[in-house]
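Listed below, chain by chain, are the residues.
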Amino acid sequence: MYKFLLGIVLFALLGTPLANANDPVTSDLERLIGAVLGDTPMIDDLKSLTDGIGGRATGSEANLRAVEWGLERFESAGVLANKEAFTMPRAWLEVSATGSVSGIATFPVAVATRPFSTATPDGGLAAPLVDAGFGTGQDFARLGEAALGAWVLIETPVLDDEAGLAGLFQEYGDAAVIEPRAIGAGAVGIIFMSSRPKGLLYRHNAALGVANIHPQLTMEREGAKRALRLLRGGGALNFTARIQISGGGSYQAYNVIGEIPGSTRADEIVIFGAHLDSHDMGTGALDNGANVAMLIDIARQITRLGLKPKRTIRFALWNGEEMGIMGSLGYTRSHRDELDNHIVAAAFDIGTGRITGFFTNGMAALIPPVERYLIPVAGLGPFVHVNAPIVGTDNLDFMLEGVPNLVANQEDANYASNYHASSDTFDKVDQSQLRLNAAVAAAIIWGFANDEGRVPRQSRAEVEALIENTALGQQLRNMGFWNDWEEGARGRQ
Ligand SMILES: [Zn+2]
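Because the structure is a prediction, the values reported are computed rather than measured.

Some points on the domain arrangement of the protein
Phase 1 of the analysis: Domains assigned within the protein are domain 1 (2-89 + 250-487) and domain 2 (91-248).
Phase 2 of the analysis: Look at where the C-alpha atoms of domain 1 and domain 2 centre, and you get two points 34 Å apart.
Phase 3 of the analysis: Taken residue by residue, the interface counts 24 residues in domain 1 and 26 residues in domain 2.
Phase 4 of the analysis: Secondary structure elements with two or more residues in the side of domain 1 that touches domain 2: helix H12 (415-418) and helix H15 (472-478).
Phase 5 of the analysis: Counting residues per element, the side of domain 1 that touches domain 2 draws most heavily on H12, at three residues.
Phase 6 of the analysis: Split by residue class, the side of domain 1 that touches domain 2 holds eleven nonpolar, eleven polar and two charged.

This is the structure we're talking about:
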């Protein structure tokens, strides 16, 4: 069945017969694409990771099970795999979080903590609830002393599929300036209205990251709106939060690294990754189980077909991504001596929307080879590449180390509206698009793994220039990485 379909699928989807089909690299790629488009265990893998293991926040038991799951999947595919330890700076998991509004009206509201939020005393933390508008400078000026010792409630624009990734980056950017404003005004805690309606909650990263020492919450949109209407009608309200956190000091977590050794230039490494961890709300299907399953399947098919890449291919299932992009940072530290030999590091982390091209992160020289590698899958395009640095996934430390790096750019589809939310579950995955994305990823992987040429690694001065001349510096601030860069904890020495 799949053999018969293969010709039709290749013709219908890719549109053009592959050029140079007599060239061994091209014919190997043709077989690989055929295989990943076929009836593979990719979707079953994704089901077992998301439904079977579920949410897998770094530091949880489920996360350790996911690590063993990744090792087992690689091993049963005949792919060499190891777990590699790295250090997480601070243990943090929400145990429970509840909230209630009282005063002129009394009602419970559903809340979720933001990572590294502090706990409250057992009896809860009660304080006046004040309307901080959209959290602008003017809003806090208007509040003045009223913010002191209060819970400040911040209104947010709706983040729906139309607002998409741009809306999501805006939400991060807004929070990054609101947090210091609220803390500067003496707030006891910060409450952001959920940007998604119908009671949906999500675990949005605080810009302060591990440095956060305040309670920070997301409150269900409907409850937050009700509270704001009451406050704006002139009533006074209190808010009580009860937050239990399982926390502690630094600990070890693990990346899973699968490897297919190179046949002729084994010391040259190309690395393709997706993060294995997720937040504990939802089951991490779009973010990022889908791309984990996709990469495992490509490794499986390369091995099953007996294909021999010239360069060494590593498949990285990163961990600690949601808690500060720690796993890929750990890799760049423990493999520092090898980084000159890393030809490219690519991340797949935007759900299951169509791959529209790649972010080349300030290295325009990556565009011509990427364009060339994608010719065999041109029918799945068009592909447009964006040479702007992107912060928010596991290319970060490769970028700061000057290693050529890519992030797959994808159609937003349903990514933003389910991002880090309890709704990020298997049913949101576009299974057929994920399979087509696997063909695109296979073409990129095979291209880099067999090419002769390479884009040189950037020097420290070139990385500094990238930060200076693009929005990278601002993005590092928005996402809470600026201090690490400035203090030399991240980036090329
Ligand atoms: Zn992600």
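Alright, that's what it looks like, and here's the rest.
Looking at the environment of Leu 339
Phase 1 of the analysis: With respect to the element layout, Leu 339 can be found in the loop between helix H9 (326-334) and strand S13 (342-347).
Phase 2 of the analysis: Once the C-alpha coordinates of Leu 339 and Gly 103 are considered, the two residues, 236 residues apart in sequence, prove to be 59 Å apart.
Phase 3 of the analysis: Here Leu 339 is in contact with Thr 332, Glu 401 and Val 403, once residues within four sequence places are set aside.

Some thoughts on the packing of helix H2 (residues 24-36) against helix H8 (residues 285-304)
Phase 1 of the analysis: Relative orientation of the contacting elements H2 and H8 amounts to 130°, with a least axis distance of 9 Å. As far as their axial angle goes, H8 and H2 are oblique. Remark: the crossing between H2 and H8 carries right-handed chirality. Counting all contacts with H2, which are made through Leu 32, Ala 35 and Val 36, the residues of H8 involved are Asp 297, Ile 298, Gln 301 and Ile 302.
Phase 2 of the analysis: A per-class count over the contact of H2 with H8 returns five nonpolar, one polar and one charged.

Looking at the pairing of strand S7 (residues 189-193)
Phase 1 of the analysis: Within S7, five of the five residues are buried, leaving the element largely enclosed by the surrounding structure.
Phase 2 of the analysis: Crossover connection from strand S6 (residues 151-154) via helix H6 (residues 164-184) to parallel S7: handedness right-handed.
Phase 3 of the analysis: Pairing of S7 with strand S8 (residues 216-219), which is carried by four bridges, proceeds in the parallel orientation. For Ile 190, the partnering residue across the bridge sits in S8 and is Gln 216.

Brief notes about the sheet that holds S7
Phase 1 of the analysis: Read across the sheet, eight strands follow the order S3-S2-S9-S5-S6-S7-S8-S4 without closing on themselves; strand pairing throughout is mixed. Every interior strand has two partners, whereas the edge strands, strand S3 (107-109) and strand S4 (111-113), have only one. Each strand of the sheet is rotated relative to its neighbour by a mean of 30°, with strand direction disregarded.
Phase 2 of the analysis: In this sheet, strand S9 (residues 237-248) lies alongside strand S2 (residues 91-103) in antiparallel orientation, the contact comprising twelve bridges. Within S9, the residue paired with Gly 103 across the bridge is Leu 237.
Phase 3 of the analysis: Sheet strands in contact with helix H7 (residues 221-232) are S2, S3, strand S5 (125-131), S6, S7, S8 and S9, and its direction is about 70° off that of S5.

Here we look at the nonpolar core
Phase 1 of the analysis: Among the nonpolar cores identified, the biggest contains 149 residues, and Val 152, Leu 153, Ala 439, Ala 442 and Ala 443 are the most heavily contacted of them.
Phase 2 of the analysis: Ranked by residue count, the leading element in this core is helix H13 (residues 431-450), at 13 residues.
Phase 3 of the analysis: Among the domains, domain 1 (2-89 + 250-487) and domain 2 (91-248) are the pair contributing at least three residues each to this core.
Phase 4 of the analysis: Excluding its chain neighbours within four sequence positions, the residues that come into contact with Val 152 are Val 130, Ala 132, Ala 147, Ala 182, Ala 187, Ile 190 and Ile 191.

Details of the environment of Gln 410
Phase 1 of the analysis: With respect to the helices and strands, the residue Gln 410 is situated in strand S15 (residues 405-410).
Phase 2 of the analysis: The spatial distance from the C-alpha of Gln 410 to the C-alpha of Asn 361 is 15 Å, given a sequence separation of 49 residues.
Phase 3 of the analysis: Discounting residues that sit within four places of it in the chain, Gln 410 has contacts with Ile 350, Gly 351, Gly 353, Arg 354, Ile 355 and Thr 356.

Details of unusual backbone geometry
Phase 1 of the analysis: The amide bond that connects Asp 287 to the next residue, Asn 288, takes the cis arrangement and shows omega of 10°.
Phase 2 of the analysis: Inspection of the secondary structure assignment puts Asn 288 in helix H8.
Phase 3 of the analysis: Note the cis peptide between Gly 381 and Pro 382, where omega equals 5°.
Phase 4 of the analysis: Counting through the fold element by element, Pro 382 comes out in the loop between helix H10 (367-373) and helix H11 (396-400).

Looking at the environment of Tyr 172
Phase 1 of the analysis: Among the secondary structure elements, Tyr 172 is positioned in helix H6.
Phase 2 of the analysis: The class of Tyr 172 is partly exposed, set by 17 C-beta atoms lying within 10 Å.
Phase 3 of the analysis: Between the C-alpha atom of Tyr 172 and that of Met 479, which follows or precedes it by 307 residues, the distance is 7.0 Å.
Phase 4 of the analysis: What Tyr 172 contacts, discounting residues up to four positions off in sequence, is Asn 478 and Met 479.

Things to note about the sheet that holds strand S10 (residues 251-260)
Phase 1 of the analysis: Spatially, S1-S10-S12-S11-S13-S15-S14 is the arrangement adopted by the seven strands of the open sheet, whose pairing is mixed. Two strands lie at the open edges of the sheet, namely strand S1 (80-88) and strand S14 (355-359), each paired on one side alone. Strand-to-strand twist across the sheet, computed as the mean angle between neighbouring axes with direction ignored, equals 25°.
Phase 2 of the analysis: Bridge count between S14 and S15: four bridges; the pairing is antiparallel. The residue of S15 that forms the bridge with Gly 357 is Asn 409.
Phase 3 of the analysis: Here H9 sits on the sheet and contacts S1, S10, strand S11 (265-275) and strand S12 (311-318); the angle it forms with S1, its principal contact strand, is near 105°.

Here is what the cut-offs are and how they apply
- Residues numbered from 1 in each chain as written.
- Predicted model: local features only at pLDDT ≥ 70, side-chain atom pairs only at ≥ 80, totals over all residues.
- Domains from an automatic or database assignment.
- Contact = placed C-beta atoms within 7 Å.
- Helix = DSSP H or I, 4+ residues; strand = E, 2+ residues; numbered from the N terminus.
- Nonpolar A, V, L, I, M, F, W, Y, C, P; charged D, E, K, R; others polar.
- Axes fitted to C-alpha atoms, helices over the stretch in contact; angles between N-to-C directions.
- Parallel < 35°, antiparallel > 145°, perpendicular 65-115°, else oblique.
- Left-handed = near helix turned anticlockwise from the far one by under 90°.
- Buried ≥ 20, exposed ≤ 12 C-beta atoms within 10 Å, placed from the backbone.
- Right-handed = clockwise from strand over helix to strand, strands pointing away.
- Pairing = 2+ DSSP bridges.
- Core = buried A, V, L, I, M, F, W, Y, C linked by C-beta atoms within 7 Å.

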